[in-house]
Amino acid sequence: MQLHDVWFILIAVLWIGYFFLEGFDFGIGVLTKLLARDTAERRVLINTIGPVWDGNEVWLLTAGGATFAAFPDWYATLFSGFYLPLLIILVCLIVRGVAFEYRAKRNEKRWQRNWEHAIFWTSLLPAFLWGVVFANIVHGVAIDKDKNYVGSVWDLFSPYAILGGLVTLTLFTFHGAIFASLKTVGDIRLRARAVAGQLGLVATVLALVFLGWTQAHQGTGWSLAAMTVAVLALAASLAANQLGREGWAFTFSGLTVVAAVAMLFLALFPDVMPSTLGGNWSLTVDNAASSPYTLKLMTIVAAVFTPLVLLYQGWTYWVFRKRIGVQHIPAPVQDH
Amino acid sequence: MELSVAHETIARWQFGITTVYHFFFVPLTISLAAIVAGLETAWVRTGKEKYFHATKFWGKLFLINIAMGVVTGIVQEFQFGMNWSDYSRFVGDVFGAPLAMEALIAFFFESTFIGLWIFGWDKLPKKIHCACIWMVALGTMLSAYFILAANSWMQHPTGYKIDPATGKAQLTDIGAVLFQNTTLVVVFHTLTAAFLTGAAFMVGIASFHLWRAKREGEPDRRKVASMRTSLRVGLALGVIAGLGTAVSGDSLAKVMFEQQPMKMAAAEALWDTQAPAPFSIFAVGNVNQGHNSVELEIPGILSFLAKSDFSSPVPGINDTAAAEAAKYGGKPTDYIPNIFVTYWGFRLMIGFGMTSFVACLIGLWTTRRRLFLAPEHRTAEDEVPKLMLTKHRELSPQLTKWSWRIGILTMGFPLIANSFGWVFTEMGRQPWSVFGLMTTANSVSPNVSVTTQVIALTTFTTLYAILAVIEVRLLVKYASAGPNTAEQPPATDPTLRGPSSDEDADKPLAFAY
């Protein structure tokens, strides 16, 4: 295996980590409207991810930075090509971060309601748009000989891509509902299970069609294996959820996200951004990669620091392992 | 406007606006993280209540600020690819490495430990809780280091070769990128300036509370105690950081004279090579004729800044431009940056930065320790200090009033200085994005339409303006409320294993969104 293959795997790992973690974050954000019945319940949901959402989001920044370092052309083509969807994602992530931090800082109804609306929409839109973006990456887009995307923004919203967006949206919301049932206590915990059951069925149907479509279009033996794991894990998660085994349900919903994203990367390899314009214009792990020196350097850095990150992020989840319910939500902060 | 020019202009405006905006929050985040860490350490070690209240108070302001720093930083990570794809393709092999390291090493650090710190008051033993904020502080500084190493490479590319097959830059020596002298002095300068910014922020807000307490007569003495300590910490830090900013600025100028003579000539509007070269106090230049129409200067000082003696020649704009044109082709005027912006940016940076340093120096003297004061002028730790000129002489009521007011005003000065500093150093490098290797004009994304760029520029500007209003109002609210002196630290130090009995099962969280 060559270094640029290793880096393809590492980039995949970073995106998988990102979608596993921010997947349930986005799900929780969407559920503040689907599941929570009042302000106290909304606060319960928001606080299940309170201490961790920021660290989860860094997986995206790292995926972006690592792509810049290891595959500069991939980074350049992707971000200049998918400009407007990414702009919307950026705006959402900006508003979302501020919304979490500022919502409780003023004790005014309107202020809090506005930030709650913001949390819902800025979680829903990226959850959908990331699916659109990845469907386009895997399927291929109009890339010219200079490695530039030459299609229009509307070309990015093909039926296949929209389906991809719906898959990530429903899958993340399902994953979030399972997370909510794992992290809360009281009435909301039971309702989270019920919502997860319904969302899981929708996600299963959509994911089967989308992953099957991907497999038929450009699948390999490996991607078929990953797809099988994803589908089985989704079924297992639904079953565990039905039985009230929340730890297992979350393990399997997480595995579903991991296997589904892995399948997309397996279907993509050895391209990183296929061109639909033919020629030899596809970006591949070979022609988009950095020099061996940079790849080797970054491999060492990643090998040292990624385990460290997993260690202290894992510890954070342990520190905040306690379930929370409405009784744990403190009275609104006074003006201090 | 010609299309390619519009392309470059809009992309530059977006970069300028989003970056200057981001950099309002960065220096405050860097310095306040360390200041809060210091205050919490003081509380953990001494158990004194005033340190606890100060930690909570500055911590709150720090969090309001870092939230904005974090989210505006996301844009920075991605706009290279969005607006500057040709730049990204050309430099990614070199420039991407420090960026990826920043994310993997620094961002994870700060964002994970900040979560632990915010929510961990009742979950972590206080020593570990305190260690978390130190981790955040370390993360912010590491982050600054990596991004400044990347920027320094744009100012002075090193440790690379141009790949003959692709014509792109390739990293050959990461040590040269991370530890070149440009990086080291820029990091020193930026960090000291960041601490000056945080110090002035502290001085301003503490002055506000102390001055209000003095006027009201019947103040909350615990609030006064924590604000008085904050004021002294801020003043001392401001003096140290201000000195550091001046010293590092001088070293940086010497490095720039050597590596980017055009930038320094532009900083001085020095059109013709002179020996000895004067330092300009005021000038109005005429770019087309290549000389100043009005000027006021001090002889010899510029030579000293550049080479540490009063007579060395300093190359002027015209000679430097001609040399660059001979080397890279084109007309000499292609290589002259915007002189008005660089000249005044340089002056305003120094002016605002050093004003806050002097203000801190005066403040440190007038609020000095009891030991240096006559007994009748000494004040208790929880009283508003008298502003003392000499051992026996207090400042007149008028001067006292103005001193406190200036203390409050000082808060904004380093922020202004920082912005002008960045505008100066980035615009002074023009027409280059990577000095000597790639021009800014050739860096933009060729496939992004002007319409798309205008949408993005409008979106970011509008969003940032709205968020600025929200942020500033929130800061004013919390800053003017002052520390919540009714708040008490947890009665028992939490253990990592958590409470063993079920008694605490329904206890509300110490902090919740």
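Presented here is an overview of the structure given in this document.

1. Some details on the overall build of chain A
Secondary structure assignment for chain A yields eleven helices and two strands. Each helix and strand of chain A, placed in order from N terminus to C terminus, yields the pattern α-α-α-α-α-α-α-α-α-α-β-β-α. Relative to a compact globule of 336 residues, whose C-alpha radius of gyration would be 20 Å, chain A shows 20 Å and is just as compact. On the principal axes, the C-alpha backbone points of chain A span a range of 60 × 45 × 40 Å. Out of the 336 residues belonging to chain A, those deemed buried represent 65%. Within chain A, residue pairs in contact and separated by at least 24 positions form 80% of the contacts whose partners lie at least 6 positions apart. Of the roughly 11900 Å² of accessible surface on chain A, 70% is carried by carbon and sulfur atoms. Side chains of chain A give 22 positive and 19 negative charges; the mean places of these two sets differ by 12 Å.

2. Section: the overall build of chain B
Looking only at helices and strands, chain B features 14 helices and six strands. Each principal axis of the C-alpha atoms in chain B carries an extent, and together these give about 75 × 60 × 40 Å. Put simply, chain B has 513 residues, and 57% of those count as buried. Here the contacts in chain B between residues at least 6 apart in sequence split such that 76% fall between residues at least 24 apart. Carbon and sulfur atoms provide 66% of the accessible area of chain B, an area that totals close to 20500 Å². The distance from the centre of the 40 positive side-chain charges to the centre of the 38 negative ones in chain B is 10 Å.

3. Concerning the packing of helix H8 (residues 187-218) of chain A against helix H9 (residues 221-242) of chain A
Helix-helix packing is described using two parameters, namely the angle between the two axes and the distance between the axes. Residues and elements named next belong to chain A. Relative orientation of the contacting elements H8 and H9 amounts to 170 degrees, with a least axis distance of 10 Å. Judged on the interaxial angle alone, H9 and H8 are roughly antiparallel. For the crossing formed where H8 meets H9, the hand is left-handed. Contacts between H8 and H9 pair Arg193, Ala196, Gly197, Gly200, Leu201, Ala203, Thr204, Leu208, Leu211, Gly212 and Gln215 from the former with Ser223, Leu224, Met227, Ala230, Val231, Leu234, Leu238 and Asn241 from the latter. Considering only residue class, the contact of H8 with H9 consists of eleven nonpolar, seven polar and one charged.

4. Regarding the interface of chain A and chain B
With 77 residues of chain A in contact, the opposing surface of chain B contributes 85 residues. Summing both partners gives a buried area of about 7300 Å² for chain A against chain B, and 70% of it is carried by carbon and sulfur. Across the contact surface, chain A and chain B share two salt bridges. Across the salt bridge formed by A:Asp73 and B:Arg89, the nearest N and O atoms sit 3.0 Å from each other. Our enumeration of links across chain A and chain B arrives at 23 residue pairs in polar contact (both at pLDDT 80 or more). Listing elements by their share of the side of chain A that touches chain B, those giving two or more residues are helix H2 (39-49), helix H3 (53-70), helix H4 (72-81), helix H5 (83-102), helix H6 (109-139) and helix H11 (292-319) of chain A. Considering each element in turn, the side of chain A that touches chain B owes the most residues, 15 residues, to H11(A). Split by residue class, the side of chain A that touches chain B holds 44 nonpolar, 20 polar and 13 charged.

5. Let's talk about the side chain of B:Thr485
With respect to the helices and strands, B:Thr485 occurs in the segment after helix H14 (450-481). If we ignore the near neighbours within four places in the chain, the residues touching B:Thr485 are B:His53, B:Asp220, B:Arg222 and B:Lys223.

6. Some words on the pattern of salt bridges
Taken as a whole, this structure holds 27 salt bridges over all chains when the rule is applied. Here A:Glu116 makes a salt bridge to A:Arg103, at a shortest N to O gap of 2.6 Å. Within this pair, whereas A:Glu116 is found in helix H6, its partner A:Arg103 is found in the loop between H5 and H6, the two being separated by 13 residues in sequence. A:Glu116 sits in the buried class, given a relative accessible area of 4%. Owing to a relative accessible area of 1%, A:Arg103 belongs among the buried residues under this scheme. Put simply, A:Asp73, A:Lys147, B:Asp86, B:Arg89 and B:Lys168 are held in one network by salt bridges that share partners.

7. Re the packing of aromatic side chains
Under the defined criterion, the tally for this structure stands at 65 aromatic pairs over all chains. Ring centres of A:Phe20 and A:Phe24 lie 6.5 Å apart, and the angle between their planes is 80 degrees; this geometry places the pair in the edge-to-face category. Of the two residues, A:Phe20 and A:Phe24 are both situated in helix H1 (residues 3-34); the distance of four residues between them amounts to about one turn of the helix. Exposure remark for A:Phe24: the relative accessible area of 1% places this residue in the buried category. Measuring from ring centre to ring centre gives 5.1 Å for B:Phe80 and B:Phe95, while their planes differ by 75 degrees; the resulting arrangement is edge-to-face. Placement of the pair is B:Phe80 in helix H2 (residues 49-83) and B:Phe95 in helix H3 (residues 85-119), with a sequence separation of 15 residues. Classification of B:Phe80 as buried rests on a relative accessible area of 9%. Each member of the aromatic cluster is reached from another via a ring pair, and the members are A:Phe8, A:Trp15, A:Tyr18, A:Phe19, A:Phe71, A:Trp74, A:Trp130, A:Phe134, A:Phe172, A:Phe265 and A:Phe269. Across from the ring centre of B:Trp43, 5.2 Å away, lies the NZ or CZ of B:Lys126, which sits over that ring. Between the NZ or CZ atom of B:Arg368 and the centre of the ring of B:Trp365, over which it lies, the distance is 3.8 Å.

8. Focus: helix H7 (residues 159-183) of chain A
The first and last C-alpha atoms of H7(A) sit 36 Å apart over 25 residues, in line with the 36 Å expected at 1.5 Å per residue. Counted residue by residue, H7(A) has 21 buried out of 25 residues, so it is predominantly covered.

So, how was this worked out
Every chain is numbered independently, its residues counted from 1 as its sequence is written. Whichever chain is written first becomes A and whichever ligand is written first becomes 1, with later ones labelled in order. Totals for whole chains, interfaces and linings use every residue, but because this is a predicted model, local features are given only for residues with pLDDT of at least 70 and side-chain atom pairs only at 80 or more, for both listing and counting. Only hydrogens and water are set aside when side-chain values are computed; all heavy atoms of the structure are taken into account. Numbering goes from the N terminus for both helices and strands, where a helix is a DSSP run of H or I of at least four residues and a strand is a run of E of at least two. For this measure, only C-alpha atoms enter the radius of gyration; the expected value for a globule follows 2.2 Å times N^0.38, where N is the number of residues. Categorising residues by exposure relies on relative accessible area from a 1.4 Å probe, with only protein chains included: less than 20% of the type maximum marks a residue as buried, more than 50% marks it as exposed, and the intermediate range marks it as partly exposed. Note on contacts: a residue pair qualifies if any of its non-hydrogen atoms lie within 4.5 Å across the two residues. Computed with the Shrake-Rupley method and a 1.4 Å probe, the accessible areas treat only the protein chains shown as cover for residues. In this tally, Lys and Arg are treated as positive and Asp and Glu as negative; His is ignored, and so are the chain termini. Working definition for charges: the position is that of NZ of Lys, CZ of Arg, CG of Asp or CD of Glu. To obtain an axis, a line is fitted to C-alpha atoms, over the contacting stretch when the element is a helix, and the angle between two such axes runs from 0 to 180 degrees between their N-to-C directions. An angle below 35 degrees is treated as roughly parallel, one above 145 as roughly antiparallel, one from 65 to 115 as roughly perpendicular, and anything else as oblique. Put simply, a crossing is left-handed when the front helix is turned counterclockwise from the back one by less than a right angle, and right-handed when it is turned clockwise. Amino acids outside the nonpolar list (Ala, Val, Leu, Ile, Met, Phe, Trp, Tyr, Cys, Pro) and the charged list (Asp, Glu, Lys, Arg) are all regarded as polar, and Gly is one of them. Buried area is calculated as the accessible area (1.4 Å probe) missing from two parts once they are joined, with the contributions of both summed. In what follows, salt bridge is the name for a side-chain nitrogen of Lys or Arg lying within 4 Å of a carboxyl oxygen of Asp or Glu. Under this definition, polar contacts are N or O atom pairs within 3.5 Å; protein pairs additionally need one hydrogen-donor-capable and one acceptor-capable atom, and for neighbouring residues in sequence, both atoms have to be side-chain atoms. Under the pairing criterion, centres of Phe, Tyr and Trp rings, with the six-membered ring standing for Trp, must be within 6.5 Å; the plane angle then separates stacked pairs below 30 degrees from edge-to-face pairs above 60, leaving the rest tilted. Counting as a charge over the ring demands two things of the Lys NZ or Arg CZ atom: a distance within 6 Å of the ring centre and an angle within 35 degrees of the ring normal. Take the number of residues in a helix, subtract one, and multiply by 1.5 Å to get its expected span.

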